[in-house]
Amino acid sequence: MQKNFANNLTFLLLFVFFIGGNDLVFSQNTNEHNTKSNFWNKVQFGGGFGLGIGNGYTNITIAPSGIYNFNEYVSAGLGIQYSYVKDRDFYQSNMYGGSIIGLFNPIREIQLSAEVEQLRVNTSFETVYGNVSDDFWNTALFLGTGYRTNNVTLGVRYNVLHKDGEGVYADALMPFIRVYF
């Protein structure tokens, strides 16, 4: 599983470098001050926050991220994530990790994405025999498409590594809202 993650990550990084990296590879700027300010003009920050509270159930997620816009068509970035999930009298889980995302905008309103996510999952279950823990790594490779307006994208993504009954996601298909400022 770790080898597949490394291969997927390598492919994604090479894809982003060769498709969108021509601004970095072929541009020349002799003024160091302009280079620094130009870099930060192409960086956007955003992410997500989730909160689900019910009768004995709590789910809190925070997932900040940042992207670099190579040009008007291609962006790539990194994200981190932490989630706390508790179902009273059943289980408690802490999930944390990171992701690498590549974004492609063939036209202004359409955004295609590829995202590799690696999460460490620490779960403890309460049973009649005592507490049982399950700690594992969860790898996901999401391919997505969305409608983009200004800095908000609304869409759906599909986890191509999803296996029913395994991992942290109940379904391979997931809706998303992505916001970058």
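Residues numbered from 1 in each chain as written. Predicted model: local features only at pLDDT ≥ 70, side-chain atom pairs only at ≥ 80, totals over all residues. Heavy atoms only, no water.

1. Quick look at the overall build of the chain
The helix and strand inventory of the chain stands at three helices and eight strands. Helices (α) and strands (β) of the chain occur, in sequence order from the N terminus, as α-α-α-β-β-β-β-β-β-β-β. Intrachain contacts of the chain at a sequence separation of at least 6 include 47% that bridge at least 24 residues. Within the structure as shown, the chain displays about 11600 Å² of accessible surface, and the carbon and sulfur contribution to it stands at 60%. (Helix = DSSP H or I, 4+ residues; strand = E, 2+ residues; numbered from the N terminus. Contact = heavy atoms within 4.5 Å. Areas by Shrake-Rupley, 256 points an atom, 1.4 Å probe, with all protein chains shown as cover.)

2. Brief notes about the pattern of salt bridges
Close approach of charged atoms allows side chains of opposite charge to pair. Summed over all chains, the structure comprises one salt bridge. In this structure, glutamate 115 and arginine 157 form a salt bridge, with 2.9 Å as the shortest nitrogen-oxygen distance. Linking glutamate 115 in strand β5 (residues 110-127) with arginine 157 in strand β7 (residues 152-159), this pair joins segments that are 42 residues apart in sequence. Accessibility assignment for this pair places glutamate 115 and arginine 157 in one class, buried. (Salt bridge = Lys/Arg side-chain N within 4 Å of Asp/Glu carboxyl O. Buried < 20%, exposed > 50% of the residue type's maximum accessible area, 1.4 Å probe, protein only.)

3. Things to note about unusual backbone geometry
With a phi angle near 65 degrees, aspartate 89 is a residue other than glycine that sits in the positive phi range. Looking at the element boundaries, aspartate 89 is found in the loop between β3 (74-87) and β4 (91-107). A positive phi is found at asparagine 150, a non-glycine position, where the angle reads about 55 degrees. Positionally, asparagine 150 belongs in the loop between β6 (130-149) and β7. The class for asparagine 150 is exposed, based on a relative accessible area of 73%.

4. As for the confidence of the model for the chain
Averaged over every residue, the pLDDT of the chain is 85; the share at 70 or more is 80%. Note on residues 1-7: pLDDT under 50 across the span, and seven contacts to partners over four residues away in sequence or across chains. This model gives residues 9-30 a pLDDT under 50, and the stretch forms 26 contacts once residues within four places in sequence are excluded. (pLDDT = per-residue confidence, 0-100.)

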